[in-house]
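An overview of the molecular structure
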Amino acid sequence: MQHGSDLRGIALEGVPEEQVNPTPEMATILGQAFVSWLVQKVNKSVAELTIAIGRDSRLSGPILMQPVIAGITSVCSPGYDFEMA
C-alpha cells in the first residue's frame, strides 16, 4: 500500500530479475482486509456498507480488480466495479 489507497509493485511480468507482486491472491486478501478496516473505521456492520472500486489506466488494473472485488464480496459486502476512474 502507498498513501493508504493504492497498490504499488511489479504487477506484470517483464521487468528483469523482478518477481510479480502483488498477486491476485494478495489482492483478494487486501479486499477482505479493507472491508474489515472499513467496518471499524465507520462503525457500521458489513451489511450496511456499499463499496465502489475504481482503477487507473495501468495494464495490471483489470488483472487485480476482480480479485479485490472477490475479496470484498466474500465477506458479504457489495462491491461495485466502476472500472477506470
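Residues numbered from 1 in each chain as written. Predicted model: local features only at pLDDT ≥ 70, side-chain atom pairs only at ≥ 80, totals over all residues. Heavy atoms only, no water.

1. Overview of the nonpolar core
For clarity, the threshold we go by: Here, nonpolar core means buried Ala, Val, Leu, Ile, Met, Phe, Trp, Tyr and Cys residues that are tied together by side-chain atoms lying within 4.5 Å of each other. The classification of residues rests on relative accessible area computed with a 1.4 Å probe and restricted to protein chains. Under 20% of the type maximum is buried, over 50% is exposed, and intermediate values are partly exposed. Under the scheme used here, helices are H or I runs from DSSP no shorter than 4 residues and strands are E runs no shorter than 2 residues, and both carry numbers assigned from the N terminus. Contacts are assigned to residue pairs that have any heavy atoms within 4.5 Å of one another.
Counting eleven residues, the largest nonpolar core is built from Ala 27, Val 35, Leu 38, Leu 49, Ile 51, Ile 53, Leu 64, Met 65, Val 68, Ile 69 and Ile 72. Among the elements of the structure, helix H1 (24-42), strand E1 (51-55) and helix H2 (61-74) are those that each provide at least two residues to this core. The residues touching Val 68, leaving out its near neighbours within four places in the chain, are Ala 27, Thr 28 and Gly 31.

2. Topic: the pairing of strand E2 (residues 79-84)
Applied cut-off: At least two bridges found by DSSP between two strands are what make those strands a pair. Seen with its strands pointing away from the viewer, a crossover is right-handed if its path from the first strand over the helix to the second goes clockwise.
The pairing of E1 with E2 spans four bridges and is classified as parallel. Paired with Arg 55 across the strands is Met 84, a residue of E2. Each parallel crossover has a hand, and for E1 linked through H2 to E2 it is right-handed.

3. A look at unusual backbone geometry
Residue Asn 43 is not a glycine yet carries a positive backbone phi of 55°. Tracing the backbone through its elements, the reader meets Asn 43 in the loop between H1 and E1.

4. Some remarks on H2
Formally: Between the first and last residue of a helix there are one fewer steps than residues, each counted as 1.5 Å, and that sum is the expected span.
The first and last C-alpha atoms of H2 sit 20 Å apart over 14 residues, in line with the 20 Å expected at 1.5 Å per residue. When we look at burial in H2, the residues that qualify are Gly 61, Leu 64, Met 65, Pro 67, Val 68, Ile 69, Gly 71 and Ile 72. Here the buried face of H2 lies against H1, E1 and E2. Positive phi shows up at Cys 76, right after H2, with a value of about 70°.

5. Remarks on the environment of Glu 25
One can find Glu 25 in helix H1. Of the residues examined, Glu 25 reaches a relative accessible area of 55% and is grouped as exposed. Measuring from C-alpha to C-alpha, the distance between Glu 25 and Pro 67 comes to 7.0 Å, with 42 residues separating the pair along the chain.

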